[in-house]
Amino acid sequence: MIVLNSSDGATFEVEESVAVQSQTIKHMIEDNCADTSIPLPNVNGVTLARVLEYIKKHAEAKDDEEGLKSFDAEFVKVDQASLFEIILAANYLDIKGLLDLTCQTVADQIKDLTVEEVRAIFNIMNDFTPEEEAKLRNDHAWAFE
Amino acid sequence: MLFRHVDINFFLLLFILEYFFKDWTLLIGWPPQTWFSGGRWCFACIALVLRRIISALSFRGSDNVVAQLPDDVVIDILLRLPADRVADCRRVCRRWRSLTSSDYFIILHLDRSAPLIFVQATDLTDWRGTGKLAFYILDQASNRRNKIKKLRLRPEIKMSQGDTEVLDSCHGLLLFRDAFARWRYYVFNPLTQELLVLDGPNEGASCAFFYDPSANELKILYLCIGFQFFIYSLGGRSWRKIKSPPSGSPPQYDTPPAICNGALHWITSCGRIADAEEDIPPCTSGITIFGMDTEDFSTLPHPGGECNSRVNHRNMRLLVVDEHLSFCNVYRGYTVIDIWLLEDYASWAWVRKWCLRPNLYGGPRPLESECYSFSRRLEVVHFQNGELWLDCGERGLVLYHLDQNTFKKLGRPPTSYEHRCIHYTKSLVPLHRAALPQD
C-alpha cells in the first residue's frame with residue numbers, strides 16, 4: 001500500500017498497482033522515494049480524493065467499457081473551479097486518461113462559446129488594445145451563411 | 001475598501017517606476033501607449049495604476065486557480081478544437097495567441113484535424129446576370145439538414161470568386177486558377193484569409209499541389225503548353241523545369257493525385273477530351289506515378305485487366321485509404337463501383353476489396369429523385385472509416401457506408417451542375433512564412 005499526503009495534510013492509502021496509473025508516482029516508487037509516504041504539495045485533499053476515485057474505478061473495471069464511459073461522464077460533472085483543479089492534478093501526477101478526459105470536457109465546453117465567454121471561463125484578462133483586437137477579428141473572419 | 005488588498009507601497013513603487021523608467025511596461029509585455037508622452041504622463045500613470053489594481057483584485061477570487069493552467073495544458077485543450085475555433089481563440093489574450101501561432105502547435109493541430117470537403121459551385125441565388133462561382137464547406141458536424149455552408153471572403157482579397165476555379169488542397173491551403181488569365185494561380189488559406197498570387201511560366205494546368213516531406217516544402221507540379229513540366233516551390237518561391245513523362249501522356253490534371261509512399265499517382269490521361277480508343281493511353285500504362293525524390297515519371301497498369309473500352313478510364317479514380325493506394329472504378333451507368341486496394345506497393349499487387357451496387361435510385365434508403373437530373377454523376381471524393389464520400393451531381397454529396405449499405409445525405413450547394421469537390425482539411429498554416437513550419 002502507498003500512502004499519499006496532500007498539500008493540506010490529508011493522507012490517503014492506495015494500492016501500489018492502482019497508484020502507478022500516475023506516471024509521477026510510478027517514477028517516485030521506482031526511484032525509491034516512497035519509503036514512508038509520498039508528499040504531493042501541488043494537490044489538495046479534495047482534489048486528490050477525486051483523482052483517487054478515478055484511478056481506483058479505472059483499475060477495477062478495466063474491461064467494462066460501457067461502465068467506464070458512464071462513470072467518466074458523471075465524473076466530470078463538477079463545477080468549473082474543481083474541474084480545473086483536477087486538470088492541474090492530472091497534469092502534475094501525469095495520468096494520461098484523466099488528463100484526456102478533462103481536457104476534452106473543457107474543449108467541448110468552449111467549442112461553441114464566444115471569445116468573451118471563453119475569457120470568463122478561464123478568468124483571463126483581455127490584454128489587447130482595441131485596435132489590435134479589431135485587427136485580429138478582421139484577420140480571422142470565417143463567415144458562414 | 002479599494003486598498004484592502006493593495007499595499008500603499010505598491011502605489012509608491014509604481015509612481016517611481018513611471019517617473020524614472022518610462023518604458024518599464026514594455027519589459028513586462030504591456031503595449032506602449034502613445035499618450036504616455038507629451039506631459040500627460042501623470043494621467044497615464046494613474047490609469048496604469050488603476051488597471052493594475054483592478055487586475056490584482058480580479059485574480060484574488062476563489063477561481064484564481066484557472067489563471068495558472070500551464071502552457072502544455074492550454075495547448076492540449078486548444079488542440080481539440082477545430083481550426084476556425086482556434087483562430088477565434090487567438091483573440092482571447094496574448095499568451096493564447098502566441099501559443100496557437102507556434103509552429104509546434106500548427107503542425108500538431110494539422111495532424112489531428114478531420115478532413116472536410118470543399119465545394120465550388122455556381123451560385124444561382126447570387127444571380128446578377130451571370131452565375132458566380134462560390135465556395136462552400138461541407139461540415140459534417142453541423143446539425144443542419146443541409147450541411148453545406150457558404151464561405152465569405154474579405155473584400156480586400158484580390159481573388160474574385162467568380163473568376164477562379166479550385167483545383168486542389170494541401171495542408172489546409174487551397175490552390176485556385178484564374179479562369180481567364182490561365183497562367184495565374186492563387187494559394188489561399190480560408191481561415192487566415194492569406195493569399196499568394198503566382199504566375200506560371202506559361203499557360204498551362206496544375207497537376208498536383210503537394211507536400212514534399214524530405215524538402216519540407218509545399219510544391220506545385222505544373223504542365224505547360226508544349227508538354228513541359230515545372231515544379232514551383234512555395235518555400236523558395238521559384239519555378240524549376242523538370243523532365244517530361246517519357247510515355248508522352250500527361251497525368252489526369254483535373255483531379256488531385258493520390259499521394260502515398262513518397263509519390264504522386266494519377267490515372268493517365270490523353271490531355272484532351274477524346275472519344276476515340278486510340279487516343280486514350282493503354283491500360284498497361286493506366287496509372288502515372290511521379291516520385292517526389294527522383295522527380296521522375298513512370299507508368300504502371302491499372303488493376304482489373306484490360307478494359308472493354310478505354311473510355312472507362314475517365315471514370316477511374318485513385319484515392320488513399322489508410323495509407324494504401326486505392327483504385328475506384330465507377331462503371332458507366334453508375335450502377336457498379338469496383339474498389340481495389342494496393343496491398344503490396346513494391347510488387348504492385350492489387351486486391352479487389354469491394355464490388356458495390358450502391359443502388360442510389362431505389363433500395364432500402366433511396367435518395368429522393370429531385371428535379372430533373374440531366375447530369376447523372378457519381379464520383380468518389382474520399383474514402384475513410386468504411387465510408388465513401390460520393391459526389392452525386394444533382395443529388396449532392398452523400399456518405400455511403402460500405403458494410404451497412406446505407407446512405408446519408410450531406411447536402412448540396414444551391415445549384416449543383418458544374419460543381420467540383422475537393423478533399424480539404426482546415427488548418428492555420430501561415431502563408432507569409434517562406435516554408436512550411438517545421439516540427
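First, a word on what this report is: a plain description of the structure on this page. (Residues numbered from 1 in each chain as written. Chains lettered and ligands numbered in written order. Predicted model: local features only at pLDDT ≥ 70, side-chain atom pairs only at ≥ 80, totals over all residues. Heavy atoms only, no water.)

Helices and strands together make up the secondary structure of chain A, namely eight helices and three strands. Helices and strands appear in chain A in the N-to-C order β-β-α-α-β-α-α-α-α-α-α. Computed over its C-alpha atoms, the radius of gyration of chain A comes to 19 Å, more than 25% above the 15 Å expected for a compact globule of 145 residues. Expressed as lengths along the three principal axes of its C-alpha atoms, the size of chain A is roughly 60 × 35 × 25 Å. With 145 residues in all, chain A has 42% of them scored as buried. Put simply, 58% of the contacts in chain A that link residues at least 6 apart link residues at least 24 apart. For chain A, the accessible surface area stands at approximately 7600 Å², while carbon and sulfur atoms represent 50% of it. Between the centroid of the 12 positive side chains of chain A and the centroid of its 29 negative side chains there is a distance of 4 Å. (Helix = DSSP H or I, 4+ residues; strand = E, 2+ residues; numbered from the N terminus. Rg over C-alpha atoms; globule rule 2.2 N^0.38 Å. Buried < 20%, exposed > 50% of the residue type's maximum accessible area, 1.4 Å probe, protein only. Contact = heavy atoms within 4.5 Å. Areas by Shrake-Rupley, 256 points an atom, 1.4 Å probe, with all protein chains shown as cover. Lys, Arg positive; Asp, Glu negative; His and termini not counted. Charge placed at Lys NZ, Arg CZ, Asp CG, Glu CD.)

Here we take up helix H5 (residues 80-93) of chain A. Over its 14 residues, H5 of chain A extends 20 Å from the first C-alpha to the last, a length consistent with the 20 Å expected when each residue adds 1.5 Å. With respect to burial, H5 of chain A is a largely interior element, ten of its 14 residues being buried. Of the positions making up H5 of chain A, those classed as buried are Ala-81, Ser-82, Leu-83, Phe-84, Ile-86, Ile-87, Leu-88, Ala-89, Ala-90 and Leu-93 of chain A. Each element contacted by the buried residues of H5 of chain A is listed here: helix H2 (23-30), helix H3 (45-60), helix H4 (65-75), helix H6 (96-110) and helix H7 (115-122) of chain A together with helix H4 (71-79) of chain B. Downstream of H5 of chain A by one or two residues, Asp-94 of chain A has phi in the positive range, about 55°. (Expected span 1.5 Å × (residues − 1).)

With that settled, the discussion passes to unusual backbone geometry. Residue and element names in this part refer to chain B. Positive phi is not limited to glycine here, since Phe-227 has a value of about 55°. Turning to its location among the elements, Phe-227 is positioned in the loop between strand E9 (217-224) and strand E10 (228-233). A positive phi angle, near 55°, is found at Glu-295, a position not held by glycine. Positionally, Glu-295 belongs in the loop between strand E14 (287-291) and strand E15 (297-300).

All names here are of chain B. In this structure the tally under the stated criterion is 16 aromatic pairs over all chains. Each ring, one from Tyr-345 and one from Trp-348, has its centre 6.1 Å from the other, and the planes form 75°; the classification is edge-to-face. Take Tyr-345: its relative accessible area is 26%, and that puts it in the partly exposed class. Ring centres 5.4 Å apart and planes at 65° place the aromatic pair Trp-354 and Phe-383 in the edge-to-face group. (Phe/Tyr/Trp six-rings, centres within 6.5 Å; stacked < 30°, edge-to-face > 60°.)

Another aspect to go through is the side chain of Thr-102 of chain A. All names here are of chain A. Relative to the elements of secondary structure, Thr-102 occurs in helix H6. On the basis of relative accessibility, which here comes to 0%, the residue Thr-102 falls in the buried class. With residues near it in sequence (within four places) discarded, Thr-102 still touches Leu-83, Ile-86 and Ile-87.

So, on to the nonpolar core. In this structure, Ile-77 and Val-187 of chain B are the most contacted members of the largest nonpolar core, which totals 78 residues. For this core, the element with the most residues is H5 of chain A, which contributes eight residues. Leaving out residues up to four positions away in the same chain, Val-187 of chain B has contacts with Leu-173, Leu-174, Leu-175, Glu-194, Leu-195, Leu-196, Leu-198, Phe-209, Ile-220, Leu-234 and Leu-431 of chain B. Counting residues in each nonpolar core, the second largest holds 18 residues, with Leu-319, Phe-383, Leu-388 and Leu-390 of chain B among its members. (Core = buried A, V, L, I, M, F, W, Y, C linked by side-chain atoms within 4.5 Å.)

Note on helix geometry: an α-helix contains 3.6 residues per turn, so any two residues three or four positions apart are oriented the same way. Among the nine residues in H4 of chain B, seven count as buried, and that is most of the element. Check the buried side of H4 of chain B and you find it contacts H5, H6 and H7 of chain A together with helix H5 (83-89), helix H6 (94-101) and helix H7 (103-112) of chain B.

What follows covers the sheet that holds strand E21 (residues 387-391) of chain B. In a beta sheet, neighbouring strands pair by backbone hydrogen bonds and run either parallel or antiparallel. Residue and element names in this part refer to chain B. On the basis of which strands lie adjacent, the open sheet formed by four strands has the order E20-E21-E22-E23 and antiparallel pairing. Here the strands that pair on one side only, and so sit at the sheet edges, are strand E20 (379-384) and strand E23 (406-411). Ignoring which end each strand starts from, the neighbouring axes of this sheet average 25° apart. Here strand E22 (residues 397-401) runs beside E23; their pairing, made up of five bridges, is antiparallel. Bridge pairing links Leu-399 to Lys-408 in E23. (Pairing = 2+ DSSP bridges. Axes fitted to C-alpha atoms, helices over the stretch in contact; angles between N-to-C directions.)

Right, let's talk about the sheet that holds strand E1 (residues 2-5) of chain A for a bit. All names here are of chain A. Taken together, three strands build an open sheet; the order of strands is E2-E1-E3 and the sheet is mixed. Each edge of the open sheet carries a strand with a single partner, namely strand E2 (11-14) and strand E3 (38-39). Bridge analysis of E1 against E2 gives four bridges, and the strand direction is antiparallel. Bridging across to E2, Val-3 finds its partner in Glu-13.

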